[in-house]
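Secondary and tertiary structure notes
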Amino acid sequence: ERLFQIAIDGPAAAGKSTVAKIVAGKLGYVYIDTGAMYRSLTYKALKTGTDLNNGAGLLELLNRTEINLLTGENGQRVLVDGDDVTERIRYPEVSAQVSLVSSFQEVRTEMVRRQRRLTESCNVVMDGRDIGTHVLPDAQVKIFLKASVDERAVRRYKEEKLKGMNPSIEALKSAIALRDKMDTERAVSPLVKAEGAIEVDTTSLSIEEVVSEILRIVKERR
Ligand code: C5P
């Protein structure tokens with residue numbers, strides 16, 4: 001019996017990771033946040049003063065970088081070379097540069113290799129931008145999650161407020177729109193709805209509603 005794979009793609013802040021985490025928990029699958037991997041490399045590049053415009057240099061850095069995604073009592077944690085960077089990879093400085101770092105072919109090839117390796121022995125829910133199109137083209141379930149930019153900015157605003165940050169809706173909106181533009185217009189594995197993916201517009205849906213819609217789709221295919 002083939003392992004079961006659920007690919008969830010979509011633009012920034014559409015709720016992919018929130019929903020993917022819950023779906024994985026309910027099914028007993030492993031959740032893999034590929035955005036966290038690109039964010040981790042971006043974080044390390046910023047920290048080490050690596051040139052963000054040089055794909056070969058970024059690959060060289062990645063080859064010396066260990067990224068671990070852990071699921072434990074404290075939820076999902078991200079370790080870079082053993083350091084817990086879970087919060088730091090969400091900082092606006094990282095968000096602002098991650099689309100540039102992820103645009104290089106060299107970087108993507110190595111990330112995809114690592115991502116596929118993580119699926120070798122378990123059922124997974126994986127989220128990102130190119131999961132259904134490139135990373136797991138044979139996934140049994142492909143979901144394309146979307147929501148209006150306004151709604152996504154409001155959700156991010158509430159999240160950041162809760163974290164004690166001092167966000168601006170307008171700044172969040174333009175940052176999200178810019179990231180979408182870069183992710184959909186890049187030459188290598190741009191964000192696009194995969195063939196066979198089911199589109200779910202979450203603009204006016206609750207988290208629970210999105211989760212149950214995905215579970216319904218999974219049930220049909222299992
Ligand atoms: O999912 P998240 O918003 O954390 O992803 C951060 C960034 O990483 C995206 O805006 C995109 O530039 C990049 N990314 C990607 N391919 C993926 C996952 C994320 O290019 N599979």
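Residues numbered from 1 in each chain as written. Predicted model: local features only at pLDDT ≥ 70, side-chain atom pairs only at ≥ 80, totals over all residues. Heavy atoms only, no water.

Taking an unreviewed UniProt entry as the reference, the chain is identified by name as Cytidylate kinase belonging to Sporolactobacillus shoreae. Per its UniProt entry, the chain bears the Sequence similarities (unreviewed entry) comment "Belongs to the cytidylate kinase family. Type 1 subfamily." One UniProt comment on the chain, placed under Subcellular location (unreviewed entry), says "Cytoplasm". (UniProt positions renumbered as here; feature names shortened; annotations may be inferred.)

Details of the site of the ligand
Residues in contact with the ligand amount to 16 residues; listed here are only the nearest, Arg39, Arg108, Asp130, Arg179 and Asp183. Residue Thr34 places a side-chain N or O atom 3.0 Å away from a nitrogen atom belonging to the ligand. One nitrogen or oxygen atom from the side chain of Arg129 is found 2.9 Å from an oxygen atom belonging to the ligand. Taken by itself the ligand offers 450 Å² of open surface, and the protein chains cover 96% of this. Looking at the shell around the ligand, the elements that each hand over two or more residues are α2 (34-48), α4 (92-101) and α8 (169-185). With four residues, the top contributor of residues to the shell around the ligand is α2. Residue composition of the shell around the ligand, grouped by class: three nonpolar, five polar and eight charged. (Near = heavy atom within 4 Å. Polar contact = N/O pair within 3.5 Å; in protein donor to acceptor, adjacent residues only side chain to side chain. Areas by Shrake-Rupley, 256 points an atom, 1.4 Å probe, with all protein chains shown as cover. Helix = DSSP H or I, 4+ residues; strand = E, 2+ residues; numbered from the N terminus. Nonpolar A, V, L, I, M, F, W, Y, C, P; charged D, E, K, R; others polar.)

Structural notes on the packing of aromatic side chains
Scanning the model with the defined rule gives one aromatic pair in all. Pairing Phe4 with Tyr29 gives two aromatic rings, centres 6.2 Å apart and planes at 50 degrees, and the pair type is tilted. Placement of the pair is Phe4 in the segment before β1 (5-9) and Tyr29 in the loop between α1 (16-27) and β2 (30-33), with a sequence separation of 25 residues. Each member of the pair, Phe4 as well as Tyr29, carries the same accessibility label: buried. (Phe/Tyr/Trp six-rings, centres within 6.5 Å; stacked < 30°, edge-to-face > 60°. Buried < 20%, exposed > 50% of the residue type's maximum accessible area, 1.4 Å probe, protein only.)

Comments concerning empty space enclosed by the protein
To find leftover empty space, a probe the size of one water molecule is rolled over the atoms. Following the criterion strictly, the structure yields one cavity of 30 Å³ or more and no others. Roughly 30 Å³ of volume is contained in the largest cavity. Around the largest cavity, the lining residues are Ala7, Asp9, Gly132, Lys142, Ile143, Phe144, Val192, Lys193, Ala194 and Ala197. Taken together, the elements giving at least two residues each to the lining of the largest cavity come down to β1 and β7 (141-146). Broken down by element, the lining of the largest cavity gets its largest block of residues, three residues, from β7. Of the residues belonging to the lining of the largest cavity, the class tally is six nonpolar, one polar and three charged. (1 Å grid on protein atoms, 1.4 Å probe; cavity = no way out; pocket = protein on both sides within 12 Å on 5 of 7 lines; lining within 4 Å. Points joined across faces, edges and corners; volume = space filled by probe spheres on them.)

Structural notes on the nonpolar core
Counting 21 residues, the largest nonpolar core has Ile6, Ile8, Val23, Val125, Ile143 and Ile214 as its most contacted members. Where this core is concerned, the elements lending two or more residues are β1, α1, β7 and α9 (207-221). Leave out the neighbours within four places in its chain, and Ile143 touches Ala7, Ile8, Asp9, Ile198, Val200, Ile214 and Ile217. (Core = buried A, V, L, I, M, F, W, Y, C linked by side-chain atoms within 4.5 Å. Contact = heavy atoms within 4.5 Å.)

Observations concerning the pattern of salt bridges
For the structure on display, the rule yields 19 salt bridges. Between Glu110 and Arg114 there is a salt bridge, with the nearest N and O atoms lying 2.7 Å from each other. Placement of the pair is Glu110 and Arg114 together in helix α5 (residues 105-117), with a separation of four residues, close to one helical turn. Overall, Glu110 belongs to the buried group, its relative accessible area being 10%. Here the salt bridges do not stand alone but share partners, grouping Arg77, Asp84 and Glu87 into one network. (Salt bridge = Lys/Arg side-chain N within 4 Å of Asp/Glu carboxyl O.)

A look at the UniProt feature "domain: Cytidylate kinase" (unreviewed entry) in the chain
Under the present numbering, the feature "domain: Cytidylate kinase" (unreviewed entry) in UniProt falls on residues 6-219. End-to-end, the C-alpha atoms of residues 6-219 are 12 Å apart, and along that stretch the chain is 50% helix and 17% strand.

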